[in-house]
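Examining the three-dimensional arrangement
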Amino acid sequence: MSDKLTVLVTGATGKQGGHLVGELLARGHSVRALTRKPESPAAAALAERGVTVVPGDFEDEGRLERAARGVDTVFAMSTPFEGGATTETREGINIVRAASAVGVRHLVYSSVAGADRATGIPHFDSKFAVEQEIRRSGVPFTIVAPVFFMDNFLADPLAAGIAGGSLSMALPATRRLQQIAVADIAQFTALVIERRERFLGKRIDIASDELTGATAAAAFSEVSGRHVEYTALPLDAVRQWNADLALMFEWFDRVGYDADLVGLRLLYPEIAWHRFSIWAREQGRFWEETRIAGGRDNATSDAR
């Protein structure tokens, strides 16, 4: 293992940042977690694991600078799902400027695969605007760009549908989509942090597997013991709910991700690079909750 590093992780109470925190701690590194709510149960749980929790808001550059001062690496991520794409860009740029102001030696930014290809998808373009600021800033950087998260299937509305025996996405059943396990993102990002010189100035699209919606449904059927049927949603139905996501699925069908799956496995064999079927089998808690929910549904149905 490399020398012990101190890493500031943004989004540490979320799925992606949380996995990275666990990976870094397992490798013996020191972690600072930036959070708007240091008094929250999630922040307290991080502190119990030895993480230094620091209060900070992406809109407060002064606090961002204080959080980043003295660390070896800043892991930066932002999201459009609370304040929108414009807010995501602004917050991402604030992190970049704070890292530049205090002379951080390595900024690792989590973007999205394909964001540099003029997709027209708002939450892709918002991340690419941050990438452009990173390149202008002069901060030593690496951009990690993951594809669609396998772990999205564990969150509603997809999880609720799967529990009910239906996997619905706005893609034809035969359209292949590259996906990645969040655990693999964490492993790869930790590798980037530890081997800084090897990755400086690079932008790397990463993916674990590529499969159709029908194949995903079959994998869920096998591991859950309950039949899960794939249904292709009309794009207009998604557009009425969320225009940004509709544009994303339209791009998935028309263009799609093109991470080098074979090359990633050859170059970085130390990463798990989960096959989807293996990842699905590993979600034991989810399937247990699904079985319990299914049992309750069946009991209610029988009582009628």
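These lines cover the structure that appears in this document, whether it is placed above or below. (Residues numbered from 1 in each chain as written. Predicted model: local features only at pLDDT ≥ 70, side-chain atom pairs only at ≥ 80, totals over all residues. Heavy atoms only, no water.)

**Here's the deal with the nonpolar core**
Core analysis: the largest hydrophobic core is formed by 73 residues, its most contacted members being Phe153, Leu167, Phe188, Phe220, Tyr257 and Phe276. Broken down by element, the residue count for this core peaks at seven residues, all from helix 7 (residues 182–194). Not counting residues within four places of it along the chain, the set of residues in contact with phenylalanine 220 comprises Phe153, Ile162, Leu167, Arg226, Val228, Phe276, Trp279, Ala280 and Trp287. Core analysis: the second largest hydrophobic core is formed by 22 residues, Ala76, Ala99, Leu107 and Ile134 among them. (Core = buried A, V, L, I, M, F, W, Y, C linked by side-chain atoms within 4.5 Å. Buried < 20%, exposed > 50% of the residue type's maximum accessible area, 1.4 Å probe, protein only. Helix = DSSP H or I, 4+ residues; strand = E, 2+ residues; numbered from the N terminus. Contact = heavy atoms within 4.5 Å.)

**Quick look at the pattern of salt bridges**
In total, this model carries 16 salt bridges according to the counting rule given. Between glutamate 23 and arginine 27 there is a salt bridge whose closest N-O contact spans 2.9 Å. The salt bridge involving aspartate 253 is made with arginine 175; its shortest N-O contact spans 3.6 Å. You can see aspartate 253 sitting in helix 11 (residues 243–254) and its partner arginine 175 sitting in the loop between strand 8 (166–169) and strand 9 (176–180), a full 78 residues away along the chain. Connected through shared salt-bridge partners, Asp116, Glu131, Arg203 and Asp205 make up one network. (Salt bridge = Lys/Arg side-chain N within 4 Å of Asp/Glu carboxyl O.)

**As for the packing of aromatic side chains**
Counting across every chain of the model gives 16 aromatic pairs. Measuring from ring centre to ring centre gives 5.7 Å for phenylalanine 124 and tryptophan 251, while their planes differ by 70 degrees; the resulting arrangement is edge-to-face. One end of the pair, phenylalanine 124, is in helix 5 (residues 122–137); the other, tryptophan 251, is in helix 11, with 127 residues separating them in the sequence. Residue class for tryptophan 251 comes out buried when judged on its relative accessible area of 3%. Taken together, a centroid distance of 5.8 Å and an interplanar angle of 75 degrees make the contact between phenylalanine 188 and phenylalanine 199 edge-to-face. Separated by 11 residues along the polypeptide, phenylalanine 188 in helix 7 and phenylalanine 199 in helix 8 (residues 196–199) bring together distant segments of the chain. (Phe/Tyr/Trp six-rings, centres within 6.5 Å; stacked < 30°, edge-to-face > 60°.)

So far we have only geometry, and geometry alone does not tell us how the molecule works.
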